[in-house]
Amino acid sequence: MKILVSACLLGENCKYNGKNNYNKKIIEFVKGHEVTAVCPEVLGGLSVPRKPAEIVNGAVMTEERVSVDREFREGAALALKKAMDCGADMAILQSRSPSCGIYQVYDGSFSGKLVDGQGVFAELLQDAGIELVDAEDIINGNVGEPEPCRQERAVSASGRKSGRRHI
């Protein structure tokens, strides 16, 4: 199975605070599958670290009300292209992110309050028909194992090939 994964979940320091959301359960879940890591925010040209952002009245903004909507949406479009190019069957995304949130996102008040909704990248993936899996569902054991890889591909010694990894 070809699985797209939020890069922060695989240990890439691409979060707004310069850190990551590495989780061993995610690594175990995707083991033996072709994995493509993406960070829509970085693809959209945002720096690491960067100001935190939330969806405010449909647009992605920083707490200072500086719009980063264009960067988020351009990054989401580029990440979707990567998903389509690699033939992703499934996407495992970081919970609550304004890019990757599947079920909920922060409400735009920067107070930690959540509302039902999706991040801009999650919406694009869903519209494209790619199965979405919230990272917390894997971490909490609420998702079964994905199908085994049907076709192995050669990868470099580092495990990378065009942004794809066998884990």
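Data block above holds the structure.
It should be emphasised that the depicted structure is a prediction, and the values quoted were computed from it without experimental measurement. Residue positions are counted from 1 within each chain, in the order its sequence is given. Per-residue local features are limited, in this predicted model, to residues with pLDDT of at least 70; the limit for side-chain atom pairs, both in listing and counting, is 80 or more; totals at the level of whole chains, interfaces and linings are taken over all residues. Hydrogens and waters are ignored; side-chain quantities use all the structure's heavy atoms.

Draft legend 1. View of the environment of Pro146. Within the element layout of this structure, Pro146 appears in the loop between helix H5 (135–139) and strand S9 (160–161). Between the C-alpha atom of Pro146 and that of Met90, which follows or precedes it by 56 residues, the distance is 8.9 Å. Once you skip the residues sitting within four places of it in the chain, Pro146 turns out to touch Met1, Ile3, Phe29, His33 and Met90. Helix numbers and strand numbers start at the N terminus; a helix is a DSSP run of H or I with at least 4 residues, a strand a run of E with at least 2. By definition, residues are in contact when any of their heavy atoms lie within 4.5 Å.

Draft legend 2. A look at the environment of Lys15. Locating Lys15 in the fold gives a position in the loop between strand S1 (2–6) and helix H1 (24–30). In this structure, the C-alpha to C-alpha distance between Lys15 and Pro49, residues 34 residues apart in sequence, is 6.8 Å. Residue contacts for Lys15: discarding those within four places in its chain leaves Cys8, Asn20, Asn21, Val48, Pro49 and Arg50.

Draft legend 3. The arrangement of the pattern of salt bridges in detail. Salt bridges, as used here, are contacts in which a Lys or Arg side-chain nitrogen is within 4 Å of a carboxyl oxygen on Asp or Glu. A complete count under the given rule lists seven salt bridges for this structure. Put simply, Glu41 and Arg50 hold a salt bridge, and the shortest N to O gap is 3.0 Å. With respect to burial, Glu41 and Arg50 carry one shared label: buried. In this structure, the salt-bridge partner of Glu74 is Arg70, at a minimum N-O distance of 3.3 Å. Residue Glu74 and its partner Arg70 are located together in helix H3 (residues 69–86), separated by four residues, close to a single helical turn. Exposed residues in this analysis have more than 50% of their type's maximum accessible area, buried residues have under 20%, and partly exposed residues fall in between, with area computed by a 1.4 Å probe over protein chains only. Classification of Glu74 by relative accessible area gives partly exposed; the value is 39%. Salt bridges sharing partners connect three or more residues here, namely Arg70, Glu71 and Glu74.

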